[in-house]
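Residue-level structural notes
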Amino acid sequence: MFVLVEMVDTVRIPPWQFERKLNDSIAEELNKKLANKVVYNVGLCICLFDITKLEDAYVFPGDGASHTKVHFRYVVFHPFLDEILIGKIKGCSPEGVHVSLGFFDDILIPPESLQQPAKFDEAEQVWVWEYETEEGAHDLYMDTGEEIRFRVVDESFVDTSPTGPSSADAASSSEELPKKEAPYTLVGSISEPGLGLLSWWTSS
């Protein structure tokens, strides 16, 4: 679920921080810049693990700050495909079951990846697994707040860095705002035995 990623960046330290230890100032600046941010095709950055190398610091004309090229390792949330995770149901919609890990909310289990047969209860706004037994079908509801075990089957990165408006967008920009996309999304599945709500598989 969490991986160490080697990264390189140039860190600017303003003059009023020169009295501090360089490593402390650099660590603070890196966490300010990266913590809780999604790096495209890398994952969700959590925190700095360590600094592996500091190159020479430079002060440029007209700027009293120091600029140091830093090699470091960062803890990143990026589960591998087929990894099993446990989260909580954040809500349900016709698009599927939305799951949260507490620190990461952009997880969707689409209808075709639920235990089958499944139906969406419009009145309750929940997905239901119509579990077949010898005594007939039982409706197992996927209620908000329930713990759910799922398999990661896909991921999607979206480049959300700002771009200049095109001429086609200029006319429509005042009429409607574009839908904000999540920079990093996971797609899960519970369509196999042992996956789904933890309460389904615990012995009574």
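Residues numbered from 1 in each chain as written. Predicted model: local features only at pLDDT ≥ 70, side-chain atom pairs only at ≥ 80, totals over all residues. Heavy atoms only, no water.

An unreviewed UniProt entry annotates the protein as DNA-directed RNA polymerase subunit of Eschrichtius robustus. Quoted straight from UniProt, the Subcellular location (unreviewed entry) entry for the protein says "Nucleus". (UniProt positions renumbered as here; feature names shortened; annotations may be inferred.)

Here's the deal with the overall build of the protein
Secondary structure summary: the protein contains three helices and 13 strands in total. The buried share of the protein, taken over its 204 residues, is 34%. Taking all contacts inside the protein whose residues are at least 6 apart in sequence as the whole, residues at least 24 apart take part in 65%. Accessible surface for the protein amounts to roughly 12500 Å². Of this, 52% is attributable to carbon and sulfur atoms. (Helix = DSSP H or I, 4+ residues; strand = E, 2+ residues; numbered from the N terminus. Buried < 20%, exposed > 50% of the residue type's maximum accessible area, 1.4 Å probe, protein only. Contact = heavy atoms within 4.5 Å. Areas by Shrake-Rupley, 256 points an atom, 1.4 Å probe, with all protein chains shown as cover.)

What to know about the side chain of T68
You can see T68 is positioned in strand β4 (residues 66-77). Discounting residues that sit within four places of it in the chain, T68 has contacts with D9, T10, V11, I26, L54, E55, D56 and A57.

Thoughts on helix α1 (residues 22-34)
For α1, spanning 13 residues, the distance from its first C-alpha to its last is 18 Å, which sits close to the expected 18 Å at 1.5 Å a residue. What α1 keeps buried is the set S25, I26, A27, E29, L30 and L34. In this structure, the buried side of α1 is in contact with β1 (2-13), β2 (38-39), β3 (43-59) and β4. Taken from the residues just after α1, N36 is the one with a positive phi, measuring 65°. (Expected span 1.5 Å × (residues − 1).)

Description of the environment of P111
By the element assignment, P111 lies in the loop between β7 (107-109) and β8 (118-121). As for P111 and E95, which are separated by 16 residues in sequence, their C-alpha atoms are 6.8 Å apart. Apart from the residues within four sequence positions on either side, P111 is in contact with P94, E95, G96, Q116 and W127.

What about the packing of aromatic side chains?
Counted by the stated rule, this structure contains nine aromatic pairs. Ring centres of Y40 and F157 lie 6.2 Å apart, and the angle between their planes is 75°; this geometry places the pair in the edge-to-face category. Of this pair, Y40 sits in the loop between β2 and β3 while F157 sits in strand β11 (residues 147-157), placing them 117 residues apart in sequence. For F157, a relative accessible area of 14% corresponds to the buried category. Note on F77 and F104: the rings are 5.1 Å apart at their centroids and 50° apart in plane angle, and the pair reads as tilted. With F77 in strand β4 and F104 in the loop between β6 (96-100) and β7, this pair connects stretches of sequence that are 27 residues apart. We classify F104 as buried; its relative accessible area is 5%. (Phe/Tyr/Trp six-rings, centres within 6.5 Å; stacked < 30°, edge-to-face > 60°.)

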